[in-house]
Each structure stands twice: as structure tokens, then as C-alpha cells.
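Structural features, examined
Each chain, letter by letter, is given below.
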Amino acid sequence: MSQFTIPGTPIFGGDEARRGYALNKMCFSFNDGANREAFRADEEGYMERYGLTDAQRQAIRARNVLALIAAGGNVYYLAKFARIFGLSVQDIGAQQTGMSLDAFKDHLVAQGN
Amino acid sequence: MANVIGGFATSHVPSIGGAIAKGLQRTPYWSPFFNAFDPVHEWLAREKPDVAVVIYNDHGLSHFLDKMPTFAVGAAEEYRNADEGWGIPVLPPFPGHAALSWHLIESLVADEFDITTCQEHLVDHAFALPLKLMYPDAGANWPVRTVPITINSVQHPLPSALRCWKLGQAIGRALDSWPGAEKIVVVGTGGLSHQLDGTRAGFINKAFDQLCLDKIVSDPEALTRYSNKELIEQAGSQGVELMCWIAMRGALTGRVSKVSSAYHVPVSNTGGAVLLLQNEPLPQALAAE
């Protein structure tokens, strides 16, 4: 259990750190360009090597950030995964909020007004 | 005696590195942020610090969940930047200051901060980009020696704002007791408000950021009264990086005055902020020398 909850705001605590360990360890490996290439070449084999759960594998296949977080992923490591596909933090923000990319960018700008 | 001449804080979002690599500093999107460094460059050219003690949060380059230090101090003669998977250029290695690191380590542990020591420590964008912003023309010849200090912002429970303030105060006491003559600038990086994850992703809180920019100068202890839950509600899940600013401010033990500040929304997904503070020793500290 996390120590507290805030709507719409994942809190990565001990429970998530334990459940998400294999997923986060795989994403941590993407600091290395050779590992990113190995993942691209054989996604299923790469996930098998890291022992991901079925839910984690499904979320990776779907490139679904909210599902990855629900499966214990931490956004700092997930961002390294997303970047393999050229996805920026605006892209993953748009995906998680259900906005178009332009609407999400407008939302960021509007908060400065 | 060593002399802490100032404190500096800046947002550290990775896309700053991309903007530098592509030469976008003076474009309409980026200029409100990069222009904020003109007074910083003037101050650095005038004051010429010898050492930068950089307080930041690692984003999964040097530290992983296998062993996650709450507070860690680099203790090497050199720190290397490395690929983080985000396609931003890797910056040249930064010179360390291992003797000062070990003085900090001795002093912090004596002060009941049981930090992790790192003789091998990769520095991520949150350390490297602020140095590049301070010294854009340095190339491979950084004009300061460095000591990296990291605060866990990845895995809860995170240290409280109050604990980070006290860490900063302990860093300040350590630097004030260093017998060397170096001029030292303390750097805090991160923030201000932003959230990358969850259905509230994209959250920015301009009013709270401006409150923080004001309080960090004039009444920093007001910021230490927020719980981490309150800070995340107000500043977003990654807005807790404010803890690095609070620790920086805690390390300034003299009379503190603002040299310059700037704030602009958005810098990537973030309330972008830059702050430069002058630190002058108090009269009693001078009398004791």
C-alpha cells in the first residue's frame, strides 16, 4: 500500500516497487542502446528474459502507459521504453489523458496564462 | 576558509538538452527560459566559483530499485554523463573534488545524515544540463569541480521537505567548515510543478510555483511545512523535485539576497523556473575567522 492517494496521480511506493520490479528492470536496461536494439529485434524474447508478468507483457505490446503504471511501472523508467518509439512526455501525457497531442500541448500552454 | 558565494536553481527537463543540441535557445518557445540565464552568466563571470555542489534527483541512470539511496553523495575525481535512452547528447565528463566529497561525507554522518557514498556515479540530465546552462561555452573544460548529491524522488516514501531542508543545513555547515579557499556555489535542480504520469498528467500550478519562488528566498522554512502529499497535490507527482531547491537553500547559511529569477510555462510539461541567490557570510561568522 502507498502511504496516501491523490486522484489521477500514481504514487510509486513499496507495493508498486515489488509488483513492477521486472518491468522496471527491463526499462532500466534501455539506458543502453544495444539493449534497445535487442528489444526492437525480439520484443517477446526480451520480455521473457526479464520475466515480465502477463499483464506487463500485454501493456508493453499495447504501448499503454496507464496499463504499464497499473502493472507496477514507474514513469521514469517507462519514459525510456516510450522513447524507443519516439514518444515524448507530451505524447504519453496525451495518451494518458485521452487528449489529442495538440490539445494536450494547448493545455500546457493555457496553464501559463 | 571556504566560501559559499551563492545558490542557483533551475528546472532540468531533458528536452532542454535537445533544444541546446538543435540551437533553439532564441526561438519563441525556448527564449523565455534561456534568456533567464543572461544574468546568471554575468554573475558567474564576475564571481568565478571554483566548485559546484549539485543537489538533484537521479531519474534511473545511476540508481535503480535494487538499491535505492534516499540521499547519496558522489565521492569521485570524475563524473560521467551517459545515454539515458532519450536521444539527448551525452556531455563531456565533469571534474570531481573527492577531498571535498569526503569532508562532506564525514561531516554529514557526524551530523546524523547516514548518506550513501558513491565512488562510481553516473550523472544524469538533472546534473549535467544545469552545468551546461551555467557554462554553455565550456566544451570539455568545465570551469568548476563538482560534488553531486542525490535525493530519492523515484520510490516512496520520499524524504520530507523538512528533512531535505535539514540536509541542506548540514551541507551548509560542512561547506562552511571546509578549510580550503575555494569559492563554492550550491546548485539545486528540478521542478517546478509538473506531472508526467496518470490521468492528471500535464498538471502545472503557476500560482503555487510563484509562491515557492518567493518563499524560497524570503521564508524557506514555510515550504518545509508541506507534507509530501500536499506538495504532490499542489505541484504534481514530479513537482516534489522542489526538495532539491529546498536543500540548496538550506545550505546557504549567510545573508541571502536574490540576484535574478525567471518563470515561464510551459518548458516541456513543466513550470520552468530559474533562480540565482547571493550568499554573504554573517558578521559573526566573519568575526570568528
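Quick caveat, the model's predicted, so the values are computed rather than measured.

A few points about the overall build of chain B
Along the backbone of chain B there are 10 helices and 10 strands. Against the globule reference of 19 Å for 289 residues, chain B gives a C-alpha radius of gyration of 17 Å, in line with a compact fold. Its C-alpha atoms give chain B principal-axis dimensions of roughly 50 × 40 × 40 Å. In chain B, buried positions account for 63% of the 289 residues. In chain B, 80% of the contacts between residues at least 6 apart in sequence involve partners at least 24 apart.

Examining the interface of chain B and chain A
Taken together, the contact between chain B and chain A spans 40 residues of the former and 43 residues of the latter. Both faces considered, chain B and chain A share a buried interface measuring about 3,500 Å² in area, 60% of it formed by carbon and sulfur atoms. When the area that chain B buries against chain A is broken down by residue, the three leading residues are B:Phe64, B:Trp86 and B:His156, summing to 18%. Across the salt bridge formed by A:Arg36 and B:Asp83, the nearest N and O atoms sit 2.8 Å from each other. Where chain B packs against chain A, one counts 22 residue pairs in polar contact (both at pLDDT 80 or more). Broken down by secondary-structure element, the contributors of at least two residues to the side of chain B that touches chain A are helix 8 (228-235) and strand 9 (255-267) of chain B. A total of four residues in the side of chain B that touches chain A trace back to one element, the largest contributor, which is helix 8 of chain B. Tallied by class, residues from the side of chain B that touches chain A come to 14 nonpolar, 17 polar and nine charged.

What about the packing of aromatic side chains?
Tallied over the full model, the rule gives 21 aromatic pairs over all chains. A cation sits over an aromatic face here: A:Lys80 above B:Trp86, 4.5 Å from the ring centre. When the ring centre of B:Phe203 is taken as reference, the NZ or CZ atom of B:Arg200 above it lies at 4.1 Å.

Some details on the state of the cysteines
Residues and elements named next belong to chain B. For the coordinates displayed, the defined rule picks out zero disulfides over all chains. Considering cysteine sulfurs only, cysteine 244 is the nearest to cysteine 212, which forms no disulfide, with 13 Å between them. A residue is classified by how much of its surface remains accessible, and cysteine 212, at 3% relative accessible area, is buried.

Considerations on the environment of B:Gln210
All names here are of chain B. Checked against the element boundaries, glutamine 210 lands in helix 7 (residues 206-218). Of the residues examined, glutamine 210 reaches a relative accessible area of 40% and is grouped as partly exposed. Taking C-alpha positions, glutamine 210 is 25 Å from valine 53, a pair spaced 157 residues apart along the chain.

Focus: the side chain of B:Thr189
Residues and elements named next belong to chain B. Looking at the element boundaries, threonine 189 is found in strand 8 (residues 183-189). Taking the relative accessible area as the measure of exposure, threonine 189 reaches 0% and is therefore buried. Of note is the side chain of threonine 189, whose polar atom sits 2.8 Å from the side chain of histidine 12. If we skip the residues at most four places from it in the chain, threonine 189 touches Thr10, His12, Val54, Ile55, Tyr56, Asn57, Ala126, Pro130, Glu241, Cys244 and Trp245.

Describing the pairing of strand 8 of chain B
Remember that side chains alternate between the two faces of the sheet whenever the strand is regular. Residue and element names in this part refer to chain B. Within strand 8, six of the seven residues are buried, which leaves it mostly tucked inside the rest of the structure. Strand direction decides the pairing type here: strand 1 (residues 3-10) and strand 8, joined by seven bridges, are parallel. Its bridge partner lying in strand 8, alanine 9 is registered against glycine 188. When strand 2 (residues 51-56) meets strand 8, the two strands line up parallel, connected through five bridges. Following the sheet pairing, valine 53 is matched in strand 8 by valine 186.

Points about the packing of helix 2 (residues 21-29) of chain A against helix 4 (residues 43-50) of chain A
All names here are of chain A. For the pair helix 2 and helix 4, the least separation of the axes is 9 Å and the interaxial angle reads 120°. On the basis of the axis angle, helix 2 is oblique to helix 4. Of the two elements, helix 2 crosses helix 4, and the hand of that crossing is right-handed. Along its contact with helix 2, which presents Ala22, Lys25, Met26 and Ser29, the element helix 4 presents Tyr46, Met47 and Tyr50.

Quick look at the nonpolar core
Residue and element names in this part refer to chain B. Ranked by internal contacts, the top residues of the largest apolar core, which has 56 residues, are Ile55, Leu100, Leu108, Ile151, Ile171, Leu175 and Trp245. At eight residues, helix 6 (residues 161-176) tops the list of elements feeding residues into this core. Once you skip the residues sitting within four places of it in the chain, isoleucine 151 turns out to touch Ile55, Tyr56, Asn57, Asp58, Thr70, Phe71, Pro159, Cys164, Leu167, Met243, Cys244 and Ala247. Counting residues in hydrophobic clusters, the runner-up holds 37 residues, among them Val13, Trp30, Val40 and Val187.

Notes on the sheet that holds strand 2 of chain B
Residue and element names in this part refer to chain B. Pairing in this open sheet of eight strands is mixed, and the strands run 6-3-7-2-8-1-10-9 from one edge to the other. Two strands close off the open sheet at either side, each with one partner strand: strand 6 (116-118) and strand 9. Sheet twist, expressed as the average angle between the axes of neighbouring strands with direction ignored, equals 15°. Taken together, the three bridges between strand 3 (residues 71-74) and strand 6 define a ladder with parallel strand orientation. Residue pairing across strands places glycine 74 opposite cysteine 118, the latter belonging to strand 6.

A word on helix 2 of chain A
Residues of helix 2 of chain A that are buried include every one of A:Ala22, A:Leu23, A:Asn24, A:Met26, A:Cys27 and A:Ser29, and no others. Elements in contact with the buried residues of helix 2 of chain A: helix 3 (33-41), helix 4, helix 5 (54-62), helix 6 (65-70) and helix 7 (75-84) of chain A.

Considerations on unusual backbone geometry
Residue and element names in this part refer to chain B. Leucine 192 follows glycine 191 through a cis peptide bond whose omega is -5°. Structurally, leucine 192 is set in the loop between strand 8 and helix 7. Between valine 265 and proline 266 the backbone carries a cis peptide bond, its omega angle lying at -10°. Examined against the element boundaries, proline 266 turns out to sit in strand 9. The backbone of glutamate 112 sits at a positive phi, close to 75°, despite the residue not being glycine. Tracing the chain through its elements places glutamate 112 in the loop between helix 4 (98-110) and strand 6.

Procedures and definitions
- Residues numbered from 1 in each chain as written.
- Chains lettered and ligands numbered in written order.
- Predicted model: local features only at pLDDT ≥ 70, side-chain atom pairs only at ≥ 80, totals over all residues.
- Heavy atoms only, no water.
- Helix = DSSP H or I, 4+ residues; strand = E, 2+ residues; numbered from the N terminus.
- Rg over C-alpha atoms; globule rule 2.2 N^0.38 Å.
- Buried < 20%, exposed > 50% of the residue type's maximum accessible area, 1.4 Å probe, protein only.
- Contact = heavy atoms within 4.5 Å.
- Buried area = accessible area lost by both parts, 1.4 Å probe.
- Salt bridge = Lys/Arg side-chain N within 4 Å of Asp/Glu carboxyl O.
- Polar contact = N/O pair within 3.5 Å; in protein donor to acceptor, adjacent residues only side chain to side chain.
- Nonpolar A, V, L, I, M, F, W, Y, C, P; charged D, E, K, R; others polar.
- Phe/Tyr/Trp six-rings, centres within 6.5 Å; stacked < 30°, edge-to-face > 60°.
- Lys NZ or Arg CZ within 6 Å of the ring centre and 35° of its normal.
- Disulfide = S-S within 2.5 Å.
- Pairing = 2+ DSSP bridges.
- Axes fitted to C-alpha atoms, helices over the stretch in contact; angles between N-to-C directions.
- Parallel < 35°, antiparallel > 145°, perpendicular 65-115°, else oblique.
- Left-handed = near helix turned anticlockwise from the far one by under 90°.
- Core = buried A, V, L, I, M, F, W, Y, C linked by side-chain atoms within 4.5 Å.

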